[in-house]
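Remarks on the overall topology
Residue strings, one per chain:
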Amino acid sequence: GDSVTQMEGPVTLSEEAFLTINCTYTATGYPSLFWYVQYPGEGLQLLLKATKADDKGSNKGFEATYRKETTSFHLEKGSVQVSDSAVYFCAPSGGSNYKLTFGKGTLLTVNP
Amino acid sequence: NAGVTQTPKFRVLKTGQSMTLLCAQDMNHEYMYWYRQDPGMGLRLIHYSVGEGTTAKGEVPDGYNVSRLKKQNFLLGLESAAPSQTSVYFCASSYGWGRSYEQYFGPGTRLTVT
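Keep in mind that what you see is a predicted model, and the values were worked out from it rather than measured. (Residues numbered from 1 in each chain as written. Chains lettered and ligands numbered in written order. Predicted model: local features only at pLDDT ≥ 70, side-chain atom pairs only at ≥ 80, totals over all residues. Heavy atoms only, no water.)

Attention now moves to the pattern of salt bridges. Scanning the entire structure with this criterion turns up six salt bridges over all chains. Linking A:D55 and A:K52 is a salt bridge whose minimum nitrogen-to-oxygen distance equals 3.4 Å. For B:R44, the salt bridge is made with B:D38, and the minimal N-O distance between the two is 2.8 Å. Classification of B:D38 by relative accessible area gives buried; the value is 11%. In this structure, a network of salt bridges that share partners links the residues B:R36, B:D38 and B:R44. (Salt bridge = Lys/Arg side-chain N within 4 Å of Asp/Glu carboxyl O. Buried < 20%, exposed > 50% of the residue type's maximum accessible area, 1.4 Å probe, protein only.)

Our focus in this paragraph is the pairing of strand β11 (residues 106-111) of chain A. Two faces make up the sheet, and in a regular strand the side chains alternate between them. Residues and elements named next belong to chain A. Only one face of β11 is buried, namely the one carrying T106, L108 and V110, since none of L107, T109 and N111 on the opposite face is buried. Sheet analysis places strand β10 (residues 86-93) next to β11, joined by three bridges and oriented antiparallel. Looking across to β11, one finds that V87 is bridged to L107. (Helix = DSSP H or I, 4+ residues; strand = E, 2+ residues; numbered from the N terminus. Pairing = 2+ DSSP bridges.)

Opposite the 22 residues of chain A that make contact, chain B presents 20 residues. Between chain A and chain B we count zero salt bridges in total. Here chain A is connected to chain B by two residue pairs in polar contact (both at pLDDT 80 or more). Those elements giving two or more residues to the side of chain A that touches chain B turn out to be β5 (32-38), β6 (44-50) and β10 of chain A. Grouping the constituent residues of the side of chain A that touches chain B by class yields ten nonpolar, eight polar and four charged. (Contact = heavy atoms within 4.5 Å. Polar contact = N/O pair within 3.5 Å; in protein donor to acceptor, adjacent residues only side chain to side chain. Nonpolar A, V, L, I, M, F, W, Y, C, P; charged D, E, K, R; others polar.)

Our next topic: the environment of B:G58. All names here are of chain B. Checked against the element boundaries, G58 lands in the loop between β6 (56-57) and β7 (65-67). A sequence separation of 48 residues divides G58 from G106, and the C-alpha atoms of the two residues are 18 Å apart. Discounting chain neighbours no more than four positions away, the residues touching G58 are L45, I46, H47 and Y48.

The next point concerns the side chain of B:D38. Position of B:D38 relative to the elements: it lies in strand β4 (residues 31-38). With sequence-adjacent residues up to four places away left out, B:D38 is seen in contact with B:R44, B:T86 and B:S87.

Looking at the largest pocket, its volume works out to about 650 Å³. Lining the largest pocket are 30 residues, with A:Q38, B:Q37, B:V88, B:F90 and B:R110 positioned closest to its centre. For the lining of the largest pocket, the elements supplying multiple residues, two or more each, are β10 and β11 of chain A together with β4, β9 (87-94) and β11 (109-113) of chain B. Here the residues of the lining of the largest pocket sort into 13 nonpolar, twelve polar and five charged. Reported here for the second largest pocket is a volume of approximately 510 Å³. Lining the second largest pocket are 27 residues, with A:V4, A:T101, A:F102, A:G103 and B:L43 sitting closest to its centre. At the level of elements, β1 (3-6) of chain A together with β5 (42-49) of chain B are the ones that each hand at least two residues to the lining of the second largest pocket. Top element by residues in the lining of the second largest pocket is β1(A). It accounts for four residues. Its residues assigned to classes, the lining of the second largest pocket shows ten nonpolar, eleven polar and six charged. (1 Å grid on protein atoms, 1.4 Å probe; cavity = no way out; pocket = protein on both sides within 12 Å on 5 of 7 lines; lining within 4 Å. Points joined across faces, edges and corners; volume = space filled by probe spheres on them.)

And the structure:
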């Protein structure tokens, strides 16, 4: 079945630091790739997505590029803010069954 | 437009008790899902529905039942709660059943079984 390996946290950064959260996946077929974010006490919400190879998803200053050759979808942001503190989930929507497979999540804490 | 709502927000059960979690969506989505979230485990799919009157098993269906009598509602039932079912439960819905369709999540229900 599909699987996701996501960078283990927690990750603690100072405001304005550069963020990378690594994500690699295995999936049958040709998945779409998603990053979801969960703010404290809330449900998950879509942060960005990419549906084909070399596509770059972007939102709120976050970016991730669909790398088919390395089966990766790493999340980056050039300058994090305290308000970015949350748990981030990488999730391929797989190729053969259209179900989302979630990574274990990476807790990000940004200090002022 | 409330999106996806869940009731209750919190619940404490004793082992062996039963309860039903209600999920409602006002986006006219065909597809609905129940997940559980446990520390260090990500989200795991319990059951899902591809339309009114249909249900299907997900990754971890044992101990749960579901019903989708109306398109906008998806109920998750625990007939005899066990401590292993202590978790945060999320409902989600999507417009389509395809690789690029986003899922919309509710705020979650925190369930503790003692």
